[in-house]
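Each chain is listed here by its residues.
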Amino acid sequence: MAAAEGGVELVNLGFGGSALLDPFTARAMRDIPTDLISVKIGINIVDSDVMRLRAFTPAVDGFLDTVREGHPTTPLLVVSAIPCPVQEDTPGPLAPDFEGGTLRFKATGDPAERSAGRLTLNVIRDELARIVEQRSADDPNLHYLDGRDLYGEADCAEFPLPDEVHPDPAGHRRIAENFARLAFGDGGPFATKAG
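Residues numbered from 1 in each chain as written. Predicted model: local features only at pLDDT ≥ 70, side-chain atom pairs only at ≥ 80, totals over all residues. Heavy atoms only, no water.

## Quick look at the environment of Asn 12
Next up, step 1: Inspection of the secondary structure assignment puts Asn 12 in the loop between helix 1 (2–6) and helix 2 (23–31).
Next up, step 2: We classify Asn 12 as exposed; its relative accessible area is 59%.
Next up, step 3: Engagement of the side chain of Asn 12 in a polar contact is seen with the backbone nitrogen of Gly 14, the distance being 2.6 Å. (Helix = DSSP H or I, 4+ residues; strand = E, 2+ residues; numbered from the N terminus. Buried < 20%, exposed > 50% of the residue type's maximum accessible area, 1.4 Å probe, protein only. Polar contact = N/O pair within 3.5 Å; in protein donor to acceptor, adjacent residues only side chain to side chain.)

## Regarding the side chain of Glu 127
Next up, step 1: When you line up the elements, Glu 127 lands in helix 5 (residues 121–136).
Next up, step 2: In this structure Glu 127 touches Leu 53, Phe 56 and Thr 57, once residues within four positions along its chain are discounted. (Contact = heavy atoms within 4.5 Å.)

## Looking at unusual backbone geometry
Next up, step 1: Residues Gly 92 and Pro 93 are joined by a peptide bond in cis, for which omega reads 5°.
Next up, step 2: Phi at Leu 21 takes a positive value of approximately 60°, unusual for a residue other than glycine.
Next up, step 3: Within the element layout of this structure, Leu 21 appears in the loop between helix 1 and helix 2.
Next up, step 4: Taking relative accessible area as the criterion, Leu 21 reaches 12% and is therefore assigned buried.

## A few points about the packing of helix 2 against helix 4 (residues 53–70)
Next up, step 1: Contact geometry for helix 2 and helix 4: axes closest at 7 Å, N-to-C directions at 20°. One finds that helix 2 runs roughly parallel with respect to helix 4. Our pair here, helix 2 against helix 4, has a crossing hand that is right-handed. For the pair formed by helix 2 and helix 4, the contact residues are Thr 25, Ala 26, Arg 27, Met 29 and Arg 30 on the first element and Phe 63, Thr 66, Val 67, Glu 69 and Gly 70 on the second.
Next up, step 2: Class assignment for the residues of the contact of helix 2 with helix 4 results in 4 nonpolar, 3 polar and 3 charged. (Axes fitted to C-alpha atoms, helices over the stretch in contact; angles between N-to-C directions. Parallel < 35°, antiparallel > 145°, perpendicular 65-115°, else oblique. Left-handed = near helix turned anticlockwise from the far one by under 90°. Nonpolar A, V, L, I, M, F, W, Y, C, P; charged D, E, K, R; others polar.)

## A word on the pattern of salt bridges
Next up, step 1: Considering all chains together, one arrives at 17 salt bridges under this definition.
Next up, step 2: Between Arg 30 and Asp 31 there is a salt bridge whose closest N-O contact spans 2.8 Å.
Next up, step 3: Close ionic contact of Arg 114 with Asp 89 constitutes a salt bridge, the shortest N to O distance being 3.3 Å. Here Arg 114 is found in the loop between strand 4 (104–107) and helix 5, whereas its partner Asp 89 is found in the loop between strand 2 (76–80) and strand 3 (94–97), with 25 residues between them in sequence. (Salt bridge = Lys/Arg side-chain N within 4 Å of Asp/Glu carboxyl O.)

## What to know about the side chain of Asp 139
Next up, step 1: Turning to its location among the elements, Asp 139 is positioned in the loop between helix 5 and strand 5 (142–145).
Next up, step 2: Classification of Asp 139 by relative accessible area gives buried; the value is 11%.
Next up, step 3: Aside from chain neighbours lying at most four places away, what touches Asp 139 is Arg 68 and Pro 72.

## A look at helix 7 (residues 169–184)
Next up, step 1: The terminal C-alpha atoms of helix 7 lie 22 Å apart, and with 16 residues this matches the ideal 22 Å at 1.5 Å per residue to within 8%.
Next up, step 2: Within helix 7, the full set of buried residues consists of Ala 170, Gly 171, Arg 174, Ile 175, Ala 176, Asn 178, Phe 179, Ala 180, Ala 183 and Phe 184.
Next up, step 3: Next to the buried residues of helix 7 lie helix 1, strand 1 (37–41), strand 2, strand 5 and helix 6 (153–158).
Next up, step 4: The distance from a side-chain oxygen at the start of helix 7 to the backbone nitrogen of Ala 170 is 3.2 Å, and the residue carrying that oxygen is Asp 168. (Expected span 1.5 Å × (residues − 1).)

See the structure below:
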């Protein structure tokens with residue numbers, strides 16, 4: 001929906017529940033001809049509990065380095081996770097919760113372990129913003145978008161996450177509309193490349 005709004009052709013390399021900064025994904029992105037790149041990083045890493053902050057930072061840098069090998073000046077937008085209340089400040093992994101007869105998810109980590117490098121969405125957002133700010137000093141085509149700007153508190157109130165993690169179709173539409181406005185709209189990182 002966002003690509004259609006921006007007037008661009010989409011190549012989607014998303015992995016449902018499994019986007020974990022895999023090097024093969026970065027190599028695929030490096031090798032695909034493209035005019036714009038966006039990567040959304042965060043939720044799957046936290047809910048799978050696959051790494052700590054010490055590994056996350058170089059994994060992001062390595063991923064971006066690989067993409068930049070093939071696209072050194074292409075506008076590249078790093079997007080953090082939308083709000084997910086169960087994982088904002090509680091590490092994963094996620095576990096299904098069938099209480100009440102409806103599938104929901106809950107985080108099973110201990111918030112006290114953030115100081116030991118356990119990842120939460122807020123930790124990842126802060127680190128992504130820091131990484132992009134640092135790298136953008138030498139890479140003016142690298143940009144950061146906080147996922148809470150795509151689906152903020154008002155959006156969450158209007159379109160609550162039915163299972164505590166995933167937006168419903170109306171929520172997805174809102175995210176697409178906000179992405180199109182923020183990325184392709186005036187002043188957005190993709191504004192001069194859209195259409």
